[in-house]
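Single-letter residue listing:
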Amino acid sequence: QVEKLMKGTGVKREVMCMDSGVKDNSSSGVLCRSALYNGNRLVFLVNVAADPKEVSVEVNGKKVKKATDLFTGKSVDFSSIKMEPLTIRLLEIKNP
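Residues numbered from 1 in each chain as written. Predicted model: local features only at pLDDT ≥ 70, side-chain atom pairs only at ≥ 80, totals over all residues. Heavy atoms only, no water.

K.L.:
Help me understand the nonpolar core, please; the structure alone is not making it clear to me.
P.N.:
When a protein is soluble and globular, its nonpolar side chains tend to lie buried together. Counting 17 residues, the largest nonpolar core has Leu45, Val55, Val57, Phe78, Ile81, Leu91 and Ile93 as its most contacted members. Breaking this core down by element, the ones donating at least two residues are strand S1 (15-19), strand S2 (30-37), strand S3 (40-47), strand S4 (53-59), strand S8 (81-83) and strand S9 (88-93). The leading source of residues in this core is S4, at 3 residues. Residues within four places of Leu45 in sequence aside, it is in contact with Cys17, Val30, Leu31, Cys32, Val55, Met83, Thr87, Ile88, Arg89 and Leu91. (Core = buried A, V, L, I, M, F, W, Y, C linked by side-chain atoms within 4.5 Å. Buried < 20%, exposed > 50% of the residue type's maximum accessible area, 1.4 Å probe, protein only. Helix = DSSP H or I, 4+ residues; strand = E, 2+ residues; numbered from the N terminus. Contact = heavy atoms within 4.5 Å.)

Shown next as structure tokens:
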């Protein structure tokens, strides 16, 4: 709903989280927060829904393809990330 309200204001989010299973691509059930840190973008995702979600992230309108999972240190194919219910991901996007 926030996205619908923001469209009318002209305000754009730098980072957008989309749910591939939702018609309008909003991230219903997945909280998405981000911050710049040492020139890279940190993205914190939380699936607060009772069902799994598949999400993708855009930074400044461009879909993110690769990120580093800061909990595991592994590179993540970010075209779509499956999130189980009540899970957290902390990702780093290099030079967004």
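K.L.:
Would you mind going over the pairing of S3 with me for this structure?
P.N.:
The side chains of a regular strand alternate between the sheet's two faces. The buried fraction of S3 amounts to 7 of the 8 residues, a majority that puts the element mostly inside the structure. The sheet contact formed by S2 and S3 spans 8 bridges and is antiparallel. Residue pairing in the sheet places Ser34 in a bridge with Val43 of S3. As consecutive antiparallel partners, S2 and S3 are separated by 2 residues, and within that stretch Asn38 has a phi angle of approximately 50°, a positive value. Here 6 bridges tie S3 to S9, and the two strands are oriented antiparallel to one another. The partner of Leu42 across the bridge, within S9, is Glu92. (Pairing = 2+ DSSP bridges.)

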